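# An overview of the molecular structure
One-letter residues, chain by chain:
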Amino acid sequence: MPNIKSAKKRVKVIEKKTLRNQMIKSALKTAIKRFEVAASAGETEKAAVSFRYAVKKLDQAVAKGIIHKNTASRKKAQMALKLKAIAA
C-alpha cells in the first residue's frame, strides 16, 4: 500500500479507470459474440443489426483508448466479410 497521498489517489483513480475499461471491453465482446451467433445461424437481418451495434462499440472503445484503431479496423473488416458471405 502506498504511503504518499498522491500515490493513494493514483490507486483510487486507476481502480475506477480499470472498472470503466472492463465494462467497455465486456460490452464490446458481447456485441461481437452476438454478431457471431447471428452470422453462424444464418440470420441475415439479425446479423446486420448486430454488426452495426458491434461497429459502434468498437468505435467507442477506440475513442476511449481501450483498443487500438487498427485492431478495431481489422475486426470490422472480418465481420463485414462474414456479413457479406451470409447475405449472398
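Described in the following lines is the structure provided in the data block. (Residues numbered from 1 in each chain as written. Predicted model: local features only at pLDDT ≥ 70, side-chain atom pairs only at ≥ 80, totals over all residues. Heavy atoms only, no water.)

### Details of the packing of helix α1 (residues 5-41) against helix α3 (residues 69-87)
Put simply, the rule is: Axis definition: a line fit to C-alpha positions, over the contact stretch in the case of helices; interaxial angles, taken between N-to-C directions, run 0 to 180 degrees. Secondary structure elements follow DSSP: runs of H or I of four or more residues count as helices, runs of E of two or more count as strands, with numbering from the N terminus. Each angle gets one of four labels, with under 35 degrees taken as roughly parallel, over 145 as roughly antiparallel, 65 to 115 as roughly perpendicular, and the rest as oblique. Crossing chirality is assigned from the near helix's rotation relative to the far helix, an anticlockwise turn below a right angle marking it left-handed and a clockwise turn marking it right-handed. The contact criterion used throughout is that any non-hydrogen atoms of two residues lie within 4.5 Å.
Closest axis-to-axis distance for the α1/α3 pair is 10 Å, and the angle between their directions is 20°. Considering the angle they form, α1 stands roughly parallel to α3. Along this stretch, α1 crosses α3, giving a crossing that reads as left-handed. Residues Ile32, Phe35, Glu36 and Ala39 of α1 form the contact with α3, whose participating residues are Lys75, Met79, Lys82, Leu83 and Ile86.

### With respect to the nonpolar core
Put simply, the rule is: Throughout, nonpolar core names a set of buried Ala, Val, Leu, Ile, Met, Phe, Trp, Tyr and Cys residues whose side chains join them through atoms within 4.5 Å. Think of it in three bands: with a 1.4 Å probe and only protein chains considered, a residue is buried below 20% of the maximum accessible area for its type, exposed above 50%, and partly exposed in between.
With 19 residues, the main nonpolar core has Phe35, Leu58, Ile67 and Met79 as its most contacted residues. Elements with a minimum of two residues in this core: α1, α2 (44-63) and α3. Setting aside residues no more than four positions away along its own chain, Met79 makes contact with Ile32, Phe35, Phe51, Ala54 and Leu58.

### Focus on the side chain of Ser50
How we decide: Side-chain atoms alone can form a polar contact between residues adjacent in sequence; in general such a contact is a pair of N or O atoms within 3.5 Å, and within protein one must be able to donate a hydrogen while the other accepts it.
Residue placement: Ser50 occurs in helix α2. Residue classification places Ser50 among the buried residues on the basis of a relative accessible area of 12%. Polar side-chain contacts of Ser50 include one of 2.9 Å to the backbone oxygen of Lys46. Setting aside its immediate chain neighbours within four residues, Ser50 contacts Arg34 and Phe35.

### What about α3?
What counts, and what does not: For a helix, the expected span equals 1.5 Å multiplied by the number of residues minus one. The directions considered for the arc are those from the helix axis to the C-beta atoms.
A rise of 1.5 Å per residue sets the reference length of α3, with its 19 residues, at 27 Å; its end C-alpha atoms lie 27 Å apart and thus fit the reference within 8%. Buried within α3 we find Ala72, Met79 and Leu83. Down the axis of α3, the buried set is contained in an arc of 45°. They therefore lie on one face. Along α3, exposed side chains directed more than 90 degrees from the buried face belong to Leu81, Lys84 and Ala85.

Everything listed here is a matter of coordinates, which is why it stays silent on function.
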